[in-house]
Amino acid sequence: MHNIEITDLKKLTQMVKDAYGYDFTNYAMSSFRRRVNRILELYNFTSVSNLIDKIKVQPAFVEEVVNEITVNVTEMFRDPSFWREVRDHIIPNILLNHKSINVWHAGCSSGEEVFSMAILLREMGISDKVKLIATDLDNSILNKAKKATIPIKNMELNEKNYIRFQGSASLSKYYKEQNGHAVLNPALVENVSFRKHDLVQGGIFNKFDLVLCRNVMIYFNQNLQNDVLKKLHESLFKYGYLIIGSKESLIWCEIANKFIVVNNEEKIYKKIRE
Ligand SMILES: C[S@@+](CC[C@H](N)C(=O)[O-])C[C@H]1O[C@@H](n2cnc3c(N)ncnc32)[C@H](O)[C@@H]1O
């Protein structure tokens, strides 16, 4: 365990921001420090200065740093009761007034959330009515998502979640096992658009009926959560839905009064004001 000073972390974030455009300035300090510590241990750096030097001389290394700093943990059908709510209430509600639906998965990690949505839509028989866009800051995790393969050791938990979601088939129907991986049926994700997008530095790029940004802002400080929530609000059509992670909340943020709570347990909100 290294004793990392705040001034070291500031030097690192400033350098990465100036040279590569990634801005970690407002990431929550304690988890950010833990992640930097992990990088020092993983690559045998003796200090943050060492790490900074390496990033300077080897620009490609910054992608590994980004991959280590961001937490990519995800599951298919994570929080199954939430997915039931999406299937049984949210999507049917949107379809009352729309022939097609635009969905944005912001911070999609290796894609499990998007794969779950694709399966849910297929089981509802409405895949052709929904356009899915999935974005993440981290290039290497996004490349994994595009391959739509999941280590087979993760499938036991995914299967458990799917059963609790009360899907209409068996999860094994949607993938083939190959070299220790579950390879998803390509037809499931052929219409998903995976793109790099930075919630901190990036702008508004489309309008959506449903935005999922789950377990992403938990790593941001309050100021950054406010800024990002403004962008998510702007990216929604009026009466569109915003869904965040189970441990996250809108209550304290500046734009809270522009949403109503649809389901407090599942952290589902509806935009009611521009
Ligand atoms: C814990 S995962 C959440 C995955 C999925 N949404 C879920 O709930 O299972 C958090 C993701 O947010 C991404 N992320 C972190 N900072 C980001 C940023 N500034 N812009 C876009 N994505 C970001 C990370 O790369 C990571 O893949």
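Throughout what follows, the structure given in this document is the object of discussion. (Residues numbered from 1 in each chain as written. Predicted model: local features only at pLDDT ≥ 70, side-chain atom pairs only at ≥ 80, totals over all residues.)

Describing helix α5 (residues 80–97)
In plain terms, the rule: By definition, any uninterrupted DSSP run of H or I lasting at least four residues is a helix, any uninterrupted run of E lasting at least two residues is a strand, and each is numbered from the N terminus. For a helix, the expected span equals 1.5 Å multiplied by the residue count minus one. One axis is fitted to the seven residues ending at the residue and one to the seven starting there. The bend at that residue is the angle between these axes. By the convention adopted here, residues are in contact when the distance between their C-beta atoms, placed from the backbone, does not exceed 7 Å.
The end-to-end C-alpha distance of α5 is 26 Å, a good match for the 26 Å that 18 residues give at a rise of 1.5 Å each. Its axis deflected by about 40° at Val86, α5 carries its strongest bend there. Here the buried face of α5 lies against β1 (101–106), α6 (112–124), α8 (155–165), β7 (208–213), β8 (236–244) and β10 (268–271).

Quick look at unusual backbone geometry
Phi is positive for Asn179, which is not a glycine, with a value near 45°. Structurally, the position occupied by Asn179 is in the loop between β4 (175–178) and β5 (181–184). Of note in this structure, Asn215 is not a glycine but carries a positive phi near 60°. Take Asn215: it is sitting in the loop between β7 and α10 (222–234).

A look at the nonpolar core
Our working rule: Any nonpolar core is a set of buried residues, restricted to Ala, Val, Leu, Ile, Met, Phe, Trp, Tyr and Cys, that join up through C-beta atoms within 7 Å. Exposure criterion: with C-beta atoms placed from backbone coordinates, a residue whose C-beta has 20 or more other C-beta atoms within 10 Å is buried, one with 12 or fewer is exposed, and one in between is partly exposed.
Counting residues in each nonpolar core, the largest one holds 69 residues, and the members touching the most others are Ala118, Leu132, Val211 and Leu242. If near-sequence neighbours (up to four positions away) are discounted, Ala118 is found in contact with Leu132, Leu188, Val189 and Val192.

Focus on the pairing of strand β9 (residues 259–263)
How we decide: Only strands that DSSP links by at least two bridges are regarded as paired with each other.
When β9 meets β10, the two strands line up antiparallel, connected through four bridges. Bridged to Phe259 within β10 is Lys271. Taking the residues that link successive antiparallel strands as the turn, the β9-β10 hairpin has four residues, and the phi of Lys267 there is positive, at about 60°.

Topic: the sheet that holds strand β6 (residues 193–196)
The cut-off we apply is this: Fitting a line to C-alpha atoms yields each axis, with helices limited to the stretch in contact; the angle taken between N-to-C directions then spans 0 to 180 degrees.
Spatial strand order, β6-β2-β1-β7-β8-β10-β9: seven strands in an open sheet with mixed pairing. Taken across any chain shown, the strands that pair with only one partner, and hence form the sheet edges, are β6 and β9. The average angle at which neighbouring strand axes cross in this sheet is 20°, direction not considered. Looking at chain direction, β1 and β7 are connected through three bridges and run parallel. The residue of β7 that forms the bridge with Val103 is Leu210. Docked against the sheet, α5 engages β1, β7, β8, β9 and β10, running at close to 150° with respect to β7.

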